[in-house]
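Per-entry structural report
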Amino acid sequence: MQKSMQKRRALKTSEPLYPTLLKTMQQAFQLKKNPLPWPKAITAGICSGIPVLIGLTAGNLQYGMLAGIGSFSYLYVANIPYAQRAKKLFFVMVGLALAVGLGTWVAPHPLTSAFLVGLIGAMVTFLFGAYNVQGPAAIFFVLAFSLSTGMPLDPSAAPLRTGLVFLGGTLAWILGMMGWVRNPHGPETTAVRRVYQELAAYIDSVGSRKAQEGRQRLVPVLKAAEETLSAGQVSWQRSEQYQRLLLLNDQANAIFLDVLEYSEKTGDKLPPQIGRSVRSIAGSLNEKRKRKEWHIQVEETEEEDKTIQRLQANVREANDILSNPFPPDPSQNEIRLSLWAVLGGSFDKNSIVFLTSIRYGLILAVAAIVAYSFELNRSYWVTLSCAAVMSGATIIATFHRAIQRSIGTLVGIMVATIILAAQPHGLIIAVLIMLLTALTELAIVLNYGLAAFFITPNALILADSMGQNHSLSFFASARMTDVIIGCVIGLVGTLLIGRRKASSLLPHLIAKTIRSQQQYLLTLFSDHRKNLELKQSLERRKMQTNLSNLKIVYTTATGEIPSNKTKLEYMWPVIFSIEQVGYLLESCLKSSRCPILPDTTLSQLLLVFETMAKSAEQKALLGKKQIPEINGFPQLEKEIRELQDALQMSSKA
């Protein structure tokens, strides 16, 4: 058992949890090995250039530039279901339009503007964190508000500017939703295909040293697919393809449980035909293949082991789901959490999302007040740089952002000097904005500092084209000075406010998550479940919220300076096991084999969970309790035992 714990530690802690200063500098300029998003980059360039071209055609370049602010909405496009993407882009474009209108209205009042920019940053950061939405988060909302406060003072122009930005956002919404026409369930298909790819890799690894690593990769993919399918649910329409994907995802969970049971029982390798068959299912879900080609030939093996026979039957059933022209409507529909359930789970004094949002808004407001107090030229660049620096998920990431922003801006100013020295005008400006926006989208996935090479000249072209009667040297010097001031404020504020908050929250949140799993387990395995809708139960919602918060807090804690490296290393197996227990409890909910346990077994399980929660909460080495047998789910029984052992090792450390 101790070897198992050491493996889990090794999987997560092969690199130091906090690097030296030199290491930090190296990491700041390290290029990530991510594929370049060519389609998104090209579309983003087109989206930003069309409003400018329309403005030029209409004889009003400034109106075109204003509408271009709305085109920033396209930068929030991600590979998420179109049902979710439509709502996300709509709220983003409305938010950007309102930010510009509000900034125009309060621009004559600097202190009010400083308060509002902090409030906008805090609100958007909270909403994106609560819903775990990936993307630029608050940065472009802060940009829209700040740019409008730097425009010529005219509060009466607020409705016009708001409308122009909304029009630009509408264009971004249309371009962002174009893929729906060709493949309305493309993101969901991609998510399920990835599940079967990782599942096949895990099946191949069973019985080898790589099995634990494969399982560690697979569980987050299964959870992500579940969330993607839930987000793609449309209440008034349930297409055949969507039903098929739901059933395939449920079947992948059933196959995974069978593999876990076999691995726990024997530890031997599985027949290679099973992995090949599962991988063929993933290949059939390729977006480039038509629906009628979604069919495979399952390879059979002669095995007497009942678990392997059940596993092969589940693989055949997955193939039948692919082949059947009209799959049945899933008997258990995924219920999404309500707005109030999501926000309520994050609106808590111990929620890292809430605390991060407060810190973000407070430091942003301070940066704006400093910029206004010293009457810096184009002071909004101070606020923008501060917002960009604080976009890092951890303190180390904040250091990276500060270094990248400063060096990237310096190089960007040199690029802008060359561009603006040629005095571009008319169509050339539109082409430059399109090109620089596309290059920014390509560079951002590699390194933020590289992206700053193109962000800076884009911003300077925007400022120069808005009719500001200043020389290039004025813009360049003001930009560099403001960026440095903004980066310093963001760094100092992040270091001073709550720099060790995540680490201090970990024991409390671990105990809270274990207790929520205890409550859900009691509901799931007792005879009371007959009268409950478990998918909508309060216990399930609490467990999901706490699991999500715990993962965010642990990730944040690993990036704190200073951090207790040894303590966090020993906590990783605890976090991993808690996540595994949560997944297995969710799997029990879907399984037809989920038993009703006797009261004596439930009582012993409740004692085990409460002891583990106390151990985490009190940071004390409490005695190990006997894990009772859970009929039909030996893998859950094993994972609870692993969690108890991990907590023991963590307490000793």
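First things first, this report covers the structure right here in the doc.

Thresholds applied
Residues numbered from 1 in each chain as written. Predicted model: local features only at pLDDT ≥ 70, side-chain atom pairs only at ≥ 80, totals over all residues. Heavy atoms only, no water. Helix = DSSP H or I, 4+ residues; strand = E, 2+ residues; numbered from the N terminus. Buried < 20%, exposed > 50% of the residue type's maximum accessible area, 1.4 Å probe, protein only. Contact = heavy atoms within 4.5 Å. Salt bridge = Lys/Arg side-chain N within 4 Å of Asp/Glu carboxyl O. Expected span 1.5 Å × (residues − 1). Bend = angle between axes of the 7 residues up to and from the residue. Core = buried A, V, L, I, M, F, W, Y, C linked by side-chain atoms within 4.5 Å. Axes fitted to C-alpha atoms, helices over the stretch in contact; angles between N-to-C directions. Parallel < 35°, antiparallel > 145°, perpendicular 65-115°, else oblique. Left-handed = near helix turned anticlockwise from the far one by under 90°.

This part covers the side chain of T601. By the secondary structure assignment, T601 is in helix α25 (residues 599-618). With relative accessibility at 13%, the residue T601 sits in the buried group. Setting aside chain neighbours within four positions, we find T601 in contact with P628 and E629.

For the structure on display, the rule yields 15 salt bridges. Here R279 and D204 are joined by a salt bridge, their closest N and O atoms 2.8 Å apart. Here D204 lies in helix α10 (residues 186-205) and R279 lies in helix α13 (residues 272-284), a separation of 75 residues in the sequence. Taking relative accessible area as the criterion, D204 reaches 37% and is therefore assigned partly exposed. A salt bridge links E617 to R515, with the shortest nitrogen-to-oxygen separation between them at 3.2 Å. Taken together, the residues E617 in helix α25 and R515 in helix α22 (residues 501-525) connect sequence positions 102 residues apart. Exposure remark for E617: the relative accessible area of 36% places this residue in the partly exposed category. By sharing partners, the salt bridges in this structure join E198, E213 and R217 into a single network.

Moving on, we get to helix α24 (residues 565-590). A rise of 1.5 Å per residue sets the reference length of α24, with its 26 residues, at 38 Å; its end C-alpha atoms lie 38 Å apart and thus fit the reference within 8%. Considering bend angle alone, the principal kink of α24 is centred on M571 and spans about 30°; proline P573 follows within four residues of it. Burial runs high along α24: 21 of the 26 residues are buried.

Moving on: the nonpolar core. With 90 residues, the main nonpolar core has Y196, F525, L636 and I640 as its most contacted residues. Broken down by element, this core gets its largest block of residues, 13 residues, from α24. Residues contacting I640, with those up to four places away along its chain left out, are V581, L605, V608, F609, M612, I627 and I630.

Below, the discussion takes up helix α7 (residues 139-149). Burial runs high along α7: 11 of the 11 residues are buried. Burial in α7 covers these residues: I139, F140, F141, V142, L143, A144, F145, S146, L147, S148 and T149.

With that settled, consider the packing of α25 against helix α26 (residues 634-652). For any two helices packed against each other, one specifies the crossing angle of their axes together with the interaxial distance. The interhelical angle for the contact between α25 and α26, taken along N-to-C directions, is 25°, at an axis separation of 10 Å. The angle between the axes of α25 and α26 places the two elements in the roughly parallel class. The crossing of α25 and α26 is left-handed. On the side of α25, the interface is formed by L605, V608, F609, M612, S615 and A616, while α26 contributes I640, L643, Q644, L647 and S651.

Interpretation in functional terms is not warranted from these geometric data alone.
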